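Listed here are the chains, written in short residue letters.
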Amino acid sequence: MEAATGATQSGLEREAKQRGKQINVGRNERTASMIGGAALAVTGLTKLAGKKILPGMALMAAGGMFLYRGKTGHCDVFEAMGVDTAGTEDKGLTVEKVLTINRTPQEVYEFWHNFENIPRFMRHLEAVRTTGGRTSHWKARGPAGVSVEWDAEILEDYPGQRISWQSLGNADIPNEGTVEFMEAPGGRGTEVKVHLTYRPPGGTAGKLAAKVAHGINAQVIEEDMKRLKQIMETGETATAAYTGSRTYH
Amino acid sequence: MKAVCWHGKHHVQVDTVPDPQILNPRDAIVKVTLSGICGSDLHLYNGKVPTMKEGDILGHEFMGVVVETGSAITSLSRGDRVIVPFPIACGDCWYCQEGLWALCDNSNPNSWMLEKLYGDTGAGIYGYSHLYGGYAGGQAEFVRVPFADTGLEKVPPELSDEKVLFLTDILPTGYQAAENCHIQKGDTVAVWGCGPVGLLAMKCAWQLGAGKVFAIDRFPERLEMARMHCKAEPLNYEEVDITEALHDMTGGRGPDSCIDAVGMEAQGTGLEAAYDTVKQTLRLENDRPIALRQLIKACRKGGTVSIPGVYSGFVDKMPMGAVFAKGLTIRAGQTHVQKYLRPLMRLIETGAIDSSFLITHRLSLNDAPMGYELFDRKQDGCVKIVLRPQGVSQTVH
């Protein structure tokens, strides 16, 4: 991970880096952290001066933590939550996800093997059309109605165990994927492991493709896999959407 | 329709919002006839639970009549009177099939948030923040109920709404809390918190074979309810040192099991309480575990600490040394309501358990904001408020 560009590297920041603590707080947040932290620390001091020992100490501690976070670009709380707000330019994406589905490996394999099912759980895909025994045509959507398309072919196909595929020719977003289905212990169904690689978009279509690629990240893929599980186990995808319509009175 | 909506800390109001609609084949729409305000709703009211958004509809303790069903629903039809369990659960995942309904893998569309915080997700819950799925709640005229073909319980016509409403949450919660204690015949059980869950846990402890039950609180009227309705020995923590008192009253052993029916907003006395309040206010600590620390200290060696009270995040100064040294068992978690509906419905039918004594206030939906204020401040002897979305307030205790 790169240091936030343009930020002056302070002694504390260097020290934090040396200790292996990575910068995971974005630049704006670091500034806000430092201002907020300083304010808290000062309030704490004021309280201490007013003999409010306990609240004063607590405020000082809080202020100190935010100051540290702003100065070093590292936040332990963020680290604990696995949140990275430093931001990355699109350098492509490799993501691997594992989850357990309460269905047999054969059932999950069959659902996936019909590639036309994939857009039901992968939200960045608009449609996948089977075009031959091993070939298919994929259409991905991005913001504001932007979309890119490519052809793909199956490389490996072991029924009930494993499927891998890759995009063909000069796809706008060159990509490849593998999905494995393993029987989970204790009658818990199937452990599904998916491995996807999206290479950086290039060429003349690069800008358009980059917009689409920007919407694909590890979080999105994780939620896609959850939807696969929901469809396989419950027959529908969970939603709390609130779209009122008719009245029941 | 009208619904009780969250608008920020200490600010709920009745808004007119669109009626819900069927979104999935396994959905149903329920017209709410009775809806409780839960003690855990006060955590939302007090702004202690993150990811609430302005306009979110509150309420997870509700029952009503089915008015519409999705295309996949065959077990219910229009006009059925039903109990709706507060955890939304699919019935198909491994957890549901093991009876761990509140840990359903599939019902929380925001599961990634809880995974980041806790390592894994729990079931979605009606009206209980976006961490728990962002579902619209049941303090409203109508509610969309997902997975309506599993877990909903039809109500026999001879039982009134008030007799069965608490099957949605607090009665099974009290029962699970007592069941988690693995009570042996004659055991002593101490319950911290004489709110509705605590009181029902006491009743269930007797049902499961307890020989003595202690009730701990600071409100005299609640302690009196514990004594009168739940045959418990009341202890006021503002008057006695609880650990010492329990020690002395159990021959120096301590209670065999202790139930924390208080949770993350425990009140306390002295420096310890001030410490936690400050840390919680500054968000350096999410929860104030004052009751929990007492439970751990008071519990007998090898005993069980059962936690139905809600905790949301990190606590400070957890006496892990005592947990270890005394070999305590800790059991916690949301209630697997669906698992308990049938057996508890039977206990209600035979009259073995009646939880309707808890109701102190019956209000219309419009009076809900006043209800929240009363309940939060424990004014007017308020123990349990039920809302009648189709009716009017009644000032009878």
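An account of the accompanying structure is given in this report. Counting of residues starts from 1 at the beginning of each chain's written sequence and follows it residue by residue. Working convention: letters from A go to chains and numbers from 1 go to ligands, in the order in which they are written. Side-chain atom pairs in this predicted model are given and counted only at pLDDT of 80 or more, local residue features only at pLDDT of at least 70, and totals for whole chains, interfaces and linings cover all residues. The side-chain quantities take in all heavy atoms of the structure and omit both hydrogens and water.

## Structural notes on the overall build of chain B
Thought 1: For chain B, the count of helices and strands is 13 helices and 18 strands.
Thought 2: Every radius of gyration here is taken over C-alpha atoms, with the globule rule written as 2.2 Å times N^0.38, N being the number of residues. On C-alpha atoms alone, chain B measures out to a radius of gyration of 20 Å, which is about the 21 Å that the 2.2 N^0.38 rule sets for 397 residues.
Thought 3: Here the C-alpha coordinates of chain B stretch approximately 60 × 50 × 45 Å along the principal axes.
Thought 4: Only protein chains enter the accessibility calculation, which uses a 1.4 Å probe. A residue is then buried if its area is under 20% of the maximum for its type, exposed if over 50%, and partly exposed in between. A buried classification covers 61% of the 397 residues belonging to chain B.
Thought 5: Residues count as neighbours in contact if any of their non-hydrogen atoms are within 4.5 Å of one another. Contacts spanning at least 24 positions in sequence make up 72% of the contacts within chain B whose residues lie at least 6 apart.
Thought 6: On chain B, roughly 14700 Å² of surface is accessible, and the fraction owed to carbon and sulfur atoms is 51%. Helical segments are the DSSP runs of H or I of at least four residues, strand segments are the runs of E of at least two, and each set is numbered from the N terminus. Here the open area of atoms and residues is found with the Shrake-Rupley method and a 1.4 Å probe, where only the protein chains shown may cover a residue.

## Things to note about helix 5 (residues 170-179) of chain B
Thought 1: Of all 10 residues in helix 5 of chain B, nine are buried, a share of seventy percent or more.
Thought 2: Taken as a whole, helix 5 of chain B has its buried residues at Ile-170, Leu-171, Pro-172, Thr-173, Gly-174, Tyr-175, Gln-176, Ala-177 and Ala-178 of chain B.

## Here we look at the pairing of strand 4 (residues 147-158) of chain A
Residue and element names in this part refer to chain A.
Thought 1: Strand pairing is defined by DSSP finding a minimum of two bridges between the two strands. Pairing between strand 3 (residues 135-141) and strand 4: seven bridges, direction antiparallel. Residue pairing in the sheet places Ser-136 in a bridge with Ala-152 of strand 4.
Thought 2: Adjacent in sequence and paired antiparallel, strand 3 and strand 4 are bridged by five residues, among which Ala-144 carries a positive phi angle near 55°.
Thought 3: Bridge count for strand 4 against strand 5 (residues 162-167) is six bridges, and the pairing is antiparallel. Within the sheet, the bridge partner assigned to Glu-156 lies in strand 5 and is Ser-164.
Thought 4: Where strand 4 folds back on strand 5, the antiparallel hairpin that results is connected by three residues, among which Gly-160 adopts a positive phi of roughly 75°.

## Regarding the packing of aromatic side chains
Thought 1: Put simply, two rings from Phe, Tyr or Trp (the six-membered ring, in Trp's case) pair if the centres are within 6.5 Å, and we call them stacked under 30 degrees between planes, edge-to-face over 60, tilted for the rest. For the structure shown, the criterion picks out 14 aromatic pairs over all chains.
Thought 2: One aromatic cluster is present, formed by Phe-111, Trp-112, Phe-115, Phe-121, Trp-138, Trp-150 and Trp-165 of chain A through successive ring pairs.
Thought 3: Charge-over-ring contacts are defined here by two conditions on Lys NZ or Arg CZ: a distance within 6 Å of the ring centre and an angle within 35 degrees of the ring normal. The side chain of Lys-378 of chain B reaches across the aromatic face of Phe-375 of chain B, ending 5.3 Å from its centre.

## Describing the side chain of Asp-56 of chain B
Residues and elements named next belong to chain B.
Thought 1: Among the structural elements, Asp-56 can be located in strand 4 (residues 56-57).
Thought 2: No salt bridge is formed by the buried Asp-56. Its closest oppositely charged neighbour is Lys-53, at 6.7 Å.
Thought 3: Only 2.8 Å separates the side chain of Asp-56 from the backbone nitrogen of Lys-53, close enough to count as a polar contact. A residue counts as positive if it is Lys or Arg and as negative if it is Asp or Glu; His and the chain ends are not included. The term salt bridge refers to a pairing of a side-chain nitrogen on Lys or Arg with a carboxyl oxygen on Asp or Glu at a separation within 4 Å. Polar contact is defined as a pair of N or O atoms within 3.5 Å, subject to the rule that within protein one atom must be able to donate a hydrogen and the other to accept it, and that residues adjacent in sequence are counted only when both atoms are side-chain atoms.

## So, the sheet that holds strand 4 of chain A
Residue and element names in this part refer to chain A.
Thought 1: The antiparallel open sheet is built from seven strands, whose spatial order is 1-7-6-5-4-3-2. Lying at the two open borders of the sheet, with one neighbouring strand each, are strand 1 (93-101) and strand 2 (125-130). The mean inter-strand angle of the sheet, taken between neighbouring strand axes irrespective of direction, is 20°.
Thought 2: Pairing of strand 1 with strand 7 (residues 190-198), which is carried by nine bridges, proceeds in the antiparallel orientation. Following the sheet pairing, Ile-101 is matched in strand 7 by Thr-190. All axes here are fitted lines through C-alpha atoms, helices being fitted over the stretch that makes contact, and every angle between N-to-C directions spans 0 to 180 degrees.

## A few points about the packing of helix 5 (residues 105-113) of chain A against helix 7 (residues 218-234) of chain A
Residues and elements named next belong to chain A.
Thought 1: Orientation of helix 5 relative to helix 7, taken along the N-to-C sense of each, is 115°, at an axis distance of 11 Å. The handedness of the crossing between helix 5 and helix 7 comes out as right-handed. Every residue of helix 7 that contacts helix 5 at Glu-107, Val-108, Phe-111 and Trp-112 is listed here: Met-225, Leu-228, Ile-231 and Met-232.
Thought 2: Gly counts as polar in this scheme, as do all residues outside two lists: the nonpolar Ala, Val, Leu, Ile, Met, Phe, Trp, Tyr, Cys and Pro, and the charged Asp, Glu, Lys and Arg. Looking at the contact of helix 5 with helix 7 residue by residue, the class counts come to seven nonpolar, no polar and one charged. Helix crossings get a hand from a simple test, with the near helix turned counterclockwise from the far one by less than a right angle marking a left-handed crossing and a clockwise turn marking a right-handed one.

## Quick look at the sheet that holds strand 14 (residues 257-260) of chain B
Residues and elements named next belong to chain B.
Thought 1: On the basis of which strands lie adjacent, the open sheet formed by six strands has the order 13-12-11-14-15-16 and parallel pairing. The open sheet has two edge strands with one neighbour each: strand 13 (233-236) and strand 16 (329-332). Strand-to-strand, the axes of this sheet are offset by a mean angle of 20°, without reference to chain direction.
Thought 2: As judged from the three bridges shared by strand 14 and strand 15 (residues 304-307), these two strands associate in the parallel manner. Counterpart to Cys-258 in the pairing with strand 15 is Val-305.
Thought 3: Along the sheet, helix 6 (residues 196-207) makes contact with strand 11 (188-192), strand 12 (212-217) and strand 14, crossing strand 12 at roughly 175°.
Thought 4: Strand contacts of helix 7 (residues 220-230): strand 12 and strand 13, with the helix running at about 170° to strand 12, the strand carrying the most contacts.

## Here we look at the pairing of strand 11 of chain B
Residues and elements named next belong to chain B.
Thought 1: Of all five residues in strand 11, five are buried; the element is thus mostly enclosed.
Thought 2: The side-chain alternation of strand 11 yields two buried faces, one formed by Thr-188, Ala-190 and Trp-192 and the other by Val-189 and Val-191.
Thought 3: Pairing of strand 11 with strand 12, which is carried by five bridges, proceeds in the parallel orientation. The partner of Thr-188 across the bridge, within strand 12, is Lys-212.
Thought 4: Handedness of the strand 11-helix 6-strand 12 crossover: right-handed.
Thought 5: With four bridges joining them, strand 11 and strand 14 adopt parallel strand pairing. Looking at the pairing, Ala-190 lines up with Cys-258 of strand 14. With strands facing away from the observer, any crossover in which the path from the first strand over the helix to the second runs clockwise is taken as right-handed.

## Re helix 7 of chain A
All names here are of chain A.
Thought 1: Its 17 residues give helix 7 an end-to-end C-alpha distance of 24 Å, which sits within 8% of 24 Å, the value for a rise of 1.5 Å per residue.
Thought 2: In terms of burial, helix 7 is a largely internal element, 13 of the 17 residues being buried.
Thought 3: Trailing helix 7 by a residue or two, Gly-235 shows a phi angle of about 85°, which is positive. Between the first and last residue of a helix there are one fewer steps than residues, each counted as 1.5 Å, and that sum is the expected span.

## Looking at the pattern of salt bridges
Thought 1: A complete count under the given rule lists 24 salt bridges over all chains for this structure.
Thought 2: With a shortest N-O distance of 3.5 Å, Lys-139 of chain A and Glu-126 of chain A are connected by a salt bridge. Here Glu-126 of chain A lies in strand 2 and Lys-139 of chain A lies in strand 3, a separation of 13 residues in the sequence.
Thought 3: Of the charged contacts, one joins Lys-229 of chain A and Asp-105 of chain B as a salt bridge, the two residues approaching to 2.9 Å between their closest N and O atoms. With one member in each of two chains, Lys-229 of chain A in helix 7 and Asp-105 of chain B in the loop between helix 2 (94-97) and helix 3 (111-118) form a pair that bridges those chains.
Thought 4: Connected through shared salt-bridge partners, Glu-156, Arg-162 and Glu-180 of chain A make up one network.

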